[in-house]
Every structure is written in structure tokens, then in C-alpha cells.
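Now for the letters of each chain:
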Amino acid sequence: YQSCPVTEYDCDGRDASGHLSWVGDGVCDDGTQTTGAVLNFDCDDYNSDGGDCVQECEDCNGNDCFGLRSRQGDGVCDNDSQNGLNFYCAAWRYDLLDCQNEEQCEDCDGNDCSAITNFIGDGFCDEADGSNFDCEAWNFDEGDCVRDCDGVLMTGMESFVGDGLCDDGQLVHGTEIINLNCPDFEFDGGDCDVPPVDCVGSWGSWSGCSVTCGDAGVNSRTYTISTHAEGQGANCPYPSGRVERVECNTQDCPVDCEGSWSAPSTCSASCGGGVRTTTFFVAVPASNGGVGCEATDGDVSSFDCETDACPVDCVGNWQAWSSCSDSCGPDGLRSRTFQISVPADAGGVSCGHEDADIDWGECNTEFDCPSDCSGSWSEWGSECSSSCGAGTVSRTFSIEEDASNGGGECP
């Protein structure tokens, strides 16, 4: 178990991480710097910069410079090596560029550094050619280039020494941390002298997949530390609360079929029993085990329609006339019968006559009947024309009606 780095602040509340090596380095860091990091350690919390600000001020020649620190970085090169004020040395950062045009500044490799003294103590280790301050003369870049027991830069981690945790370079949270467990750091200020206790932790149960199908399923579990490492004990491979996530149920989700029947067609007949049809169309076919539709694409269903009987008009006709009852005269009659072959049905038009209706009509009335002559003989006369011999007796024929229309004549 390794706590997060603790941010250190100077007397004025500025972030001082990586610059604690300035405390007690022989230079009073009182916040009057004009270039580079501006920090103030001149307070009780830092014991007056580790005593640097309590002692009398001495310039590069050892002369008293109390009250003259403000001349550092004021634009005037203070480089009197005999009896005047001299800030042109590494301890005074070569007068903070004031002498860059008059004196030669040399980095750890002897290269001119007049123009880059602001690199010193800026929070970055300057160790490259042309800007190398990683040496004792430059206080290892004012602490920026201090390395742990394994040679790893420990800028910003000076506060780890003696913080109660053994910083021994073992893996923690999956990342190699600083190693201070060596004599150079008094075995992490004694933090690594405590009896070792190995970290104990384990993964919890899997949570179960967040979905049953699709491409967004996640199954997770959480690592929990029950016993934290102490001293040089082995650290757990993961921090407490680490969550492991894996994909799950990535198979495609079942898709149910979607479809519908079309609107029914027009009935094939207006009466007497027609047929209407409807067609099934599939919009989304079933897949991945989804529920199928009630019918397949293109299926046709039919049903009866207009089942009422169609109207049937009556069909019938008069039969032939019978013979006339008389061949002449005004009383002749004949008849005919109406015969229905198709009776009306379902509201059809009637024939206007019932089956077997009889129609009577006059006949032969234009012919007068023949009238025979009618008449009669009178009685024979009472007297014979002769009393003997060949006498005659006569009688008279009287015509009552003459013959007409071809009637028989009277005798």
C-alpha cells in the first residue's frame, strides 16, 4: 500500500514539491527570487530555511551581504571578487543572469550557462548537453536531479523520506514506485525498519452481465484489500477498489419478426358469395432465435364476402291461345296460360303475373255467323180445284227471314 504523494507548501502557500532540498542548502530562500522558482522557507515551519536565513548573509567572497539580497537578479552584475558585493557563484546562481553578458557561467560540463540559469531548480532535471546542472556544484540542479536508490529521479518525492511508509521500490498499484531503502536515505528515514507485513487482498464475485445480449454487456468484479502491506512486506498487485471489467453476452439479441396483413381486396362478386384476399408482408424477419411471424412473407389469406343471394328476375311468358269457342259471332272466347320458368328471388323483378294465370279474350267476333232462310208453309187449302180427276190443292210458303252470310236458302 502506497499513499499518494503529499503536496508540500512553502511559507506563503506555494507548491514546493520537488524543492525541499533547498531547505538548509546554505542559501536563504525567503521568496525574493526574481527568476526560477520563487519559494519562501523563512518561517518557523521550515526552521528559517533550515537556518539558512538565520545566519548572516555571505556573498561569494564571504563578505556580509545582509539586506542586499534584493540586488540578486536586479539587472546589475555583482561580481567584485576582491572587496565589493559578489553574487557571481553557483551558491548565488551567478547573480540570477545579471552577469550573463560579463562573466562566464559554466554548467557541470563547463559549457556556458549564462542564458539558462533560470533552468536551475525549475522542477525539471537539467542533465543534457548544454544544460547540465546535475552535479554537486549546482546542488544537483537545486534538487531537481536527486535520484533514489535505483537511480530514478525523485523530483517532488522528498517528503516520502520518513513519512511512515517503507518506500522500497516494490510494485504497488501495478506501478514501480520510488526506492529509498538504502544507506543514502538512511533506509527511508527508518521507515523500512519495521517488521514486514504482506498485503492480503482478493477479487470479489463477478457482478453478472449487465445485459443478456448485444454488444454493450459488462461483467465486473472489485478487488478488496483486507490487510495492507507494512514495512518491506509484499504489496498487493492491485489497489483496493480496483474494478475489473470484461465484455459478456456479446451475442446478437433475438429479433422478433414484425409483419402485417394488407388491407383486404375488393370482393370478387357483389352478391351470391364472393372472395376477398389479404397478403402478409414481413417488415423485419426473425433472427437469432426471435419469435416468428404468424405467416410467411407473401402468404395470401382468403375469406367469403357478399354471401347474400343475388337478385333473380322472374322469367315467364304466355302460352299459345286456345281455339276459339265459336267460329263466328259475338260470343267467341279463347284463353291462354302464363307459365313462369324462373321465379323471382332475392328482390328480383317479378313477372307481373302468377304462374298459371289465365287470360281470356274474344275471338271470331268479326265474323257474322251464316243465317239460313226461315219460313213456313201455310196450311193446305180446303178446296180442291177439281172434284175429281186431277184437281189440285194449294198452300203458300211464307219467308220469315231471308238467308244471309251464306246461310241456307229457303226451299
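Just so we're clear, the structure is a prediction, and the values are computed from it rather than from any experiment.

**Looking at the packing of aromatic side chains**
This model, assessed by the stated rule, comprises six aromatic pairs. Look at W203 and Y223: their rings are 5.2 Å apart centre to centre, the planes differ by 70°, and that puts the pair in the edge-to-face class. A residue pair is termed long-range when its members are at least 10 positions apart, and W203 in strand β5 (residues 200–203) and Y223 in strand β6 (residues 218–227) qualify at 20 residues. Residue classification places Y223 among the buried positions, given a relative accessible area of 5%. Among the aromatic residues, those joined into a cluster by ring pairs are W203, Y223 and Y238. Over the face of the ring belonging to W321 we find R334, whose NZ or CZ atom lies 4.4 Å from the ring centre. Over the face of the ring belonging to W377 we find R395, whose NZ or CZ atom lies 4.6 Å from the ring centre.

**With respect to the pattern of salt bridges**
Enumeration over the complete set of coordinates arrives at four salt bridges. In the salt-bridge network here, residues are joined through shared partners; they are D10, D12 and R14.

**Re the environment of C182**
You can see C182 is positioned in the loop between β4 (175–176) and α4 (186–189). We classify C182 as buried; its relative accessible area is 11%. As for C182 and C192, which are separated by 10 residues in sequence, their C-alpha atoms are 9.3 Å apart. Apart from the residues within four sequence positions on either side, C182 is in contact with C149 and F187.

**What to know about the state of the cysteines**
With the rule as written, the count across this model stands at 12 disulfides. Between the sulfur atoms of C267 and its disulfide partner C305 the distance amounts to 1.9 Å. Handedness here is read from the sign of the S-S torsion; for C267 and C305, about 90°, the answer is right-handed. Here the residue C267 occupies a position in the loop between β8 (258–261) and β9 (274–284), and C305 occupies one in strand β10 (residues 300–305), the gap between them amounting to 38 residues. Judged by its relative accessible area of 8%, C305 is buried. Disulfide partner of C328: C369, at an S-S distance of 2.0 Å. Classification of the bridge connecting C328 and C369 rests on its S-S torsion, roughly 110°, and on that basis the disulfide is right-handed.

Parameters at a glance
- Residues numbered from 1 in each chain as written.
- Predicted model: local features only at pLDDT ≥ 70, side-chain atom pairs only at ≥ 80, totals over all residues.
- Heavy atoms only, no water.
- Phe/Tyr/Trp six-rings, centres within 6.5 Å; stacked < 30°, edge-to-face > 60°.
- Helix = DSSP H or I, 4+ residues; strand = E, 2+ residues; numbered from the N terminus.
- Buried < 20%, exposed > 50% of the residue type's maximum accessible area, 1.4 Å probe, protein only.
- Lys NZ or Arg CZ within 6 Å of the ring centre and 35° of its normal.
- Salt bridge = Lys/Arg side-chain N within 4 Å of Asp/Glu carboxyl O.
- Contact = heavy atoms within 4.5 Å.
- Disulfide = S-S within 2.5 Å.

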